[in-house]
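Descriptive analysis of the structure
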Amino acid sequence: MACRISELVVDCHDPERLAAFWCEVLGFEVIERKDGWVEIGPPGIGFGGLQPTLIFEPVPEPKRGKLRLHIDVNPTDRDQEAELERLLKLGAVPADVGQTGEEDWHVLADPEGNEFCLLRRRL
């Protein structure tokens with residue numbers, strides 16, 4: 001028997017704002033709010049499904065430097081460029097983590113500066 005990832009916890013200043021952003025990005029919904037943190041997950045499934053849930057937990061410290069772990073996302077119903085446009089409209093911004101410009105993915109940051117990558121659509 002092996003473990004599987006059930007939740008990813010993201011430290012942040014504004015859990016509600018980041019939860020709203022990531023709900024839009026992933027098509028998730030808020031499944032729990034408790035003690036200042038917000039948990040989001042797949043609609044109608046929530047915790048324990050095939051996808052891990054995300055918990056946004058308030059912390060007073062600022063983000064420092066590049067994250068050591070980041071999220072990769074793939075578009076599900078459009079091409080990469082259309083999804084990039086959608087994510088930018090939601091509040092993502094381009095991020096530079098040392099990429100060369102030859103990559104076939106886009107590095108972005110969420111509204112609190114947490115890096116994530118938009119990959120190409122996978123078959």
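Residues numbered from 1 in each chain as written. Predicted model: local features only at pLDDT ≥ 70, side-chain atom pairs only at ≥ 80, totals over all residues. Heavy atoms only, no water.

Some points on the pattern of salt bridges
Two side chains of opposite charge can pair, provided their charged atoms sit close to one another. Quick reminder of the rule: Here, a salt bridge means any Lys or Arg side-chain nitrogen found within 4 Å of an Asp or Glu carboxyl oxygen. The secondary structure listing takes helices from DSSP runs of H or I that are at least 4 residues long and strands from runs of E that are at least 2 residues long, numbered from the N terminus. Categorising residues by exposure relies on relative accessible area from a 1.4 Å probe, with only protein chains included: less than 20% of the type maximum marks a residue as buried, more than 50% marks it as exposed, and the intermediate range marks it as partly exposed.
Across all of its chains, the model carries seven salt bridges by this definition. For Glu83, the salt bridge goes to Arg86, with nearest N and O atoms at 2.8 Å. Placement of both Glu83 and Arg86 in helix 2 (residues 80-90) is noted, with a separation of three residues, approximately one turn of the helix. Here Glu85 ties to Lys89 by a salt bridge, and the two come within 3.2 Å at their closest N and O atoms. With a gap of four residues between them, Glu85 and Lys89 both fall in helix 2, about one helical turn apart. On the basis of relative accessible area, Glu85 is assigned to the partly exposed category, the value being 46%.

What about the sheet that holds strand 4 (residues 53-58)?
In sheet architecture, strand pairing relies on hydrogen bonds along the backbone and comes in two forms, parallel and antiparallel. Applied cut-off: Any two strands with at least two DSSP bridges between them are considered paired. The angle between two axes is taken between their N-to-C directions and runs from 0 to 180 degrees, where each axis is a line fitted to C-alpha atoms and a helix contributes only its stretch in contact.
Taking strand neighbours across the sheet as the criterion, the four strands line up as 1-4-3-2 in an open arrangement whose pairing is mixed. Only two strands of the sheet have a single neighbouring strand rather than two, namely strand 1 (7-12) and strand 2 (29-34). Taking the axes of each pair of neighbouring strands and ignoring which way they run, one obtains an average angle of 20° across the sheet. Pairing of strand 2 with strand 3 (residues 37-41), which is carried by five bridges, proceeds in the antiparallel orientation. By the bridge assignment for strand 3, Lys34 is matched with Trp37.

Some points on the packing of aromatic side chains
For clarity, the threshold we go by: Here is the rule: rings of Phe, Tyr and Trp (six-membered ring for Trp) pair when centre to centre is within 6.5 Å. Planes less than 30 degrees apart are stacked, more than 60 are edge-to-face, and the remainder are tilted.
One pass over the structure, following the stated rule, counts three aromatic pairs. Measuring from centroid to centroid gives 5.4 Å for Phe21 and Trp22, while their planes differ by 90°, and the two rings are edge-to-face. Residue Phe21 shares its accessibility class with Trp22, and that shared class is buried. Ring geometry for Trp22 and Phe116: centres 4.8 Å apart, planes at 65°, overall edge-to-face. Taken together, the residues Trp22 in helix 1 (residues 15-26) and Phe116 in strand 8 (residues 115-118) connect sequence positions 94 residues apart. By relative accessible area, which is 3% here, Trp22 ends up buried. Using a relative accessible area of 0% as the deciding quantity, one classes Phe116 as buried. An aromatic cluster is present here, built from Phe21, Trp22 and Phe116 joined pairwise through their rings.

What to know about the side chain of Glu115
Quick reminder of the rule: Residues adjacent in sequence count toward polar contacts only when both atoms are side-chain atoms; beyond that, a polar contact is any pair of N or O atoms within 3.5 Å, and within protein one must be able to donate a hydrogen and the other to accept it. Between two residues, a contact is recorded if the distance between any of their heavy atoms is within 4.5 Å.
Position of Glu115 among the secondary structure elements: in strand 8. Residue Glu115 is classed as buried on the basis of its relative accessible area of 14%. Within the structure, the side chain of Glu115 is placed 3.1 Å from the backbone nitrogen of Leu67, a separation counted as a polar contact. Setting aside chain neighbours within four positions, we find Glu115 in contact with Lys63, Gly65, Lys66, Leu67, His70, Ile71, Ala95, Val97, Leu108 and Ala109.

Examining the pairing of strand 8
Side-chain alternation along strand 8 places Glu115 and Cys117 on one buried face and Phe116 and Leu118 on a second face that is also buried. The pairing of strand 5 (residues 71-73) with strand 8 spans three bridges and is classified as parallel. Within strand 8, the position partnered with Asp72 by the bridge is Cys117. Bridging between strand 7 (residues 106-109) and strand 8 involves four bridges; their strand directions are antiparallel. Each bridged residue has a counterpart across the sheet, and for His106 the counterpart in strand 8 is Leu118. Where strand 7 folds back on strand 8, the antiparallel hairpin that results is connected by five residues, among which Gly113 adopts a positive phi of roughly 90°.

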